[in-house]
Amino acid sequence: MGARLVVALAPSGVVDPDYVEFWRPWSRYFSYNLSSDARHRRLAGELRTRGLSVIDLRDSLKGVAGTYRLTDGHWTEKGTDIVAQQLSNGLVDFRKRSMASGKGL
């Protein structure tokens with residue numbers, strides 16, 4: 001029916017250096033995060049190849065310490081602030097592109 005889709009992808013904690021440092025000694029548990037990151041990157045690439053709009057939060061969080069809680073892998077307040085801003089910017093950009101192409105939302 002002409003609906004446009006934007007996919008937002010949230011990465012695992014491997015993008016946060018503090019998270020990596022904390023979990024690396026437990027390789028059995030940390031390996032799940034690494035495989036999740038590999039799946040994330042493959043999915044982002046495939047979605048883009050198919051022409052879908054992707055907001056990849058990995059790009060915004062990569063290398064920023066203190067964005068994930070060490071004990072459970074959820075975003076900290078800092079991580080949530082970064083993600084909220086990135087999603088907002090991404091949706092505004094998507095809307096501008098849609099309006100410029102005449103397709104609207």
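Residues numbered from 1 in each chain as written. Predicted model: local features only at pLDDT ≥ 70, side-chain atom pairs only at ≥ 80, totals over all residues. Heavy atoms only, no water.

### Observations regarding the pattern of salt bridges
Okay, so step 1: Summed over all chains, the structure comprises four salt bridges.
Okay, so step 2: Between Asp37 and Arg58 there is a salt bridge, with its nearest N and O atoms 2.7 Å apart. With Asp37 in helix α2 (residues 27-49) and Arg58 in helix α3 (residues 57-61), this residue pair connects regions lying 21 residues apart in the sequence. For the pair Asp37 and Arg58, one class covers both residues: buried.
Okay, so step 3: Across the pair Arg69 and Asp72 runs a salt bridge, and its minimum N-O distance is 2.4 Å.
Okay, so step 4: What makes Asp72 partly exposed here is its relative accessible area of 36%.
Okay, so step 5: Sharing partners across several salt bridges, the network here consists of Asp37, Arg41 and Arg58. (Salt bridge = Lys/Arg side-chain N within 4 Å of Asp/Glu carboxyl O. Helix = DSSP H or I, 4+ residues; strand = E, 2+ residues; numbered from the N terminus. Buried < 20%, exposed > 50% of the residue type's maximum accessible area, 1.4 Å probe, protein only.)

### Thoughts on the nonpolar core
Okay, so step 1: Counting eleven residues, the largest nonpolar core is built from Val14, Val15, Tyr19, Val20, Trp23, Phe30, Ile55, Leu57, Leu61, Tyr68 and Val83.
Okay, so step 2: Elements that contribute at least two residues to this core include exactly α1 (17-23) and α3.
Okay, so step 3: In terms of residue count, α1 provides more of this core than any other element does, three residues in total.
Okay, so step 4: Here Ile55 is in contact with Val6, Val7, Ala8, Leu9, Gln86, Leu87, Gly90 and Leu91, once residues within four sequence places are set aside.
Okay, so step 5: Core analysis: the second largest hydrophobic core is formed by five residues, Val7, Leu9, Leu47 and Val54 among them. (Core = buried A, V, L, I, M, F, W, Y, C linked by side-chain atoms within 4.5 Å. Contact = heavy atoms within 4.5 Å.)

### As for the side chain of Thr76
Okay, so step 1: Mapped onto the elements of the fold, Thr76 is located in the loop between α3 and α4 (77-100).
Okay, so step 2: On the basis of relative accessible area, Thr76 is assigned to the buried category, the value being 19%.
Okay, so step 3: Side-chain polar atoms of Thr76 contact the backbone oxygen of Gly66, separated by 2.6 Å.
Okay, so step 4: Leaving out residues up to four positions away in the same chain, Thr76 has contacts with Gly66, Thr67, Tyr68 and Arg69. (Polar contact = N/O pair within 3.5 Å; in protein donor to acceptor, adjacent residues only side chain to side chain.)

### Describing the packing of aromatic side chains
Okay, so step 1: Counted by the stated rule, this structure contains five aromatic pairs.
Okay, so step 2: Taking the centre distance of 5.5 Å and the plane angle of 55 degrees together, the rings of Phe22 and Trp26 count as tilted.
Okay, so step 3: Here Phe22 falls in the partly exposed class, since its relative accessible area comes to 32%.
Okay, so step 4: For Trp26, a relative accessible area of 41% puts it in the partly exposed group.
Okay, so step 5: Judged by centre distance (5.7 Å) and plane angle (65 degrees), the rings of Trp23 and Trp26 are edge-to-face.
Okay, so step 6: Every member of this aromatic cluster is reached through a ring pair, and the members are Tyr19, Phe22, Trp23, Trp26 and Tyr68. (Phe/Tyr/Trp six-rings, centres within 6.5 Å; stacked < 30°, edge-to-face > 60°.)

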